[in-house]
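# Secondary and tertiary structure notes
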Amino acid sequence: MTTILDRILATKRREVEAKTSLLGHTAEVTTNHTPISLSRTLVQSPSGIIAEFKRRSPSKGEIHPLALPGEIVPAYEAAGAAACSVLTDTVYFGGSLNDLAVAREAASLPLLRKDFIVSEYQIDEARSYGADAILLIAAALTAKEIRRFTLHAHSLGLEVLFEIHNERELDKFCPEIDMVGVNNRDLATFVTDPALSLKAAAALPSDTVKVAESGLTSIAEVEQLRQVGYSGFLIGETFMRHDHPGEALSAFLEGTL
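Here's a quick rundown of the structure. (Residues numbered from 1 in each chain as written. Predicted model: local features only at pLDDT ≥ 70, side-chain atom pairs only at ≥ 80, totals over all residues. Heavy atoms only, no water.)

## Comments concerning the sheet that holds strand β10 (residues 232-235)
Using the following cut-off: A pair of strands counts as paired when DSSP detects no fewer than two bridges linking them. Numbering of helices and strands runs from the N terminus, with a helix taken as a DSSP run of H or I at least four residues long and a strand as a DSSP run of E at least two residues long. Here the axes come from fitting lines to C-alpha atoms, over the contacting stretch only for helices, and the angles between their N-to-C directions go from 0 to 180 degrees. Contacts: residue pairs with any heavy atoms within 4.5 Å of one another.
The parallel closed barrel is built from eight strands, whose spatial order is β1-β4-β5-β6-β7-β8-β9-β10. Sheet twist, expressed as the average angle between the axes of neighbouring strands with direction ignored, equals 25°. Sheet contacts for helix α8 (residues 219-227): β1 (49-53), β9 (209-213) and β10; angle to β10, the most-contacted strand, approximately 145°.

## Brief notes about unusual backbone geometry
What counts is decided by this rule: Burial classes follow relative accessibility: with a 1.4 Å probe on protein chains only, a residue under 20% of its type's maximum area counts as buried, one over 50% as exposed, and anything between as partly exposed.
Not every positive phi belongs to a glycine, and serine 214 is a case in point at roughly 75°. Along the polypeptide, serine 214 turns up in the loop between β9 and α8. Note on serine 214: relative accessible area 12%, which makes it buried.

## Some words on the pattern of salt bridges
Applicable threshold: The working definition used for a salt bridge is a side-chain nitrogen of Lys or Arg within 4 Å of a carboxyl oxygen of Asp or Glu.
Enumeration according to the criterion identifies 18 salt bridges in this entry. Across the salt bridge formed by lysine 60 and glutamate 237, the nearest N and O atoms sit 2.9 Å from each other. Residue lysine 60 is found in the loop between β2 (56-57) and β3 (61-62), and its partner glutamate 237 is found in helix α9 (residues 237-240); the two are separated by 177 residues along the sequence. Judged by its relative accessible area of 13%, glutamate 237 is buried. In this structure, arginine 148 and glutamate 120 form a salt bridge, with 2.6 Å as the shortest nitrogen-oxygen distance. Residue arginine 148 is located in helix α6 (residues 143-155), and its partner glutamate 120 is located in helix α5 (residues 120-128); the two are separated by 28 residues in the primary sequence.

## Quick word on the packing of helix α3 (residues 69-79) against helix α4 (residues 97-106)
In helix packing, the relevant descriptors are the interaxial angle and the interaxial distance, both defined with respect to the helix axes. Put simply, the rule reads: Orientation labels follow simple angle bins: below 35 degrees gives roughly parallel, above 145 gives roughly antiparallel, 65 to 115 gives roughly perpendicular, and whatever is left gives oblique. When the near helix sits turned anticlockwise from the far one by under a right angle, the crossing is termed left-handed; a clockwise turn instead gives a right-handed crossing.
α4 packs onto α3 with a crossing angle of 50° between their chain directions and a minimal axis gap of 8 Å. Between α3 and α4, the angle falls in the class oblique. With respect to the hand of their crossing, α3 and α4 are arranged in right-handed fashion. Residue-level contacts link Pro69, Gly70, Val73 and Pro74 of α3 to Asp99, Val102, Ala103 and Ala106 of α4.

The following block contains the structure:
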């Protein structure tokens, strides 16, 4: 049975193949931006919130189709976000690398390139367009690919958020990884279980920064997760479904959203 993740990965590999066949297998890094440590920022931040910029998703359809990163990302920063995750997938999430570049120009907080990484080429792109970290999804990659991509990211000054959905995927963890994220959304079905991060907390590597992803809807949930060792909390739809996501983040942190 073909899952949503299978379809996304097939599309992504075709996109990367088209780019590399035309431009070569490495992308020239062209940026003056010095990467910021996302892991250190999360540990030091009062909020730990990685606020996400995205326009749509395969499971929810259109969320905020006319959203502009030049408006929303600095509003997130002003509201107290520790960092921002920028969806750069076009076909399924309505994003682009240009969104990442605009976000970089508009804000000074760490940026995570949120995409389905299947090639070093995409890591080069992330660095060139102003990212500070990339996402590597356990369900999409082999253990060898995860280590290879992690080392390549580090060679460019980028950090890695390694994402799992269940404890079995920790078999693909390598010690060079900077952060481990538990996605409460199953990427095969896109069904969300907000309790998953709590259940998985004890199994995560003790010396790695921990991030809870997806399905978080209240500051009380964030505080509960913080008590079991999480430093980062990646939240998107809770904010992006509002007309003014930055204001939604402020209300969230105040406990009034």
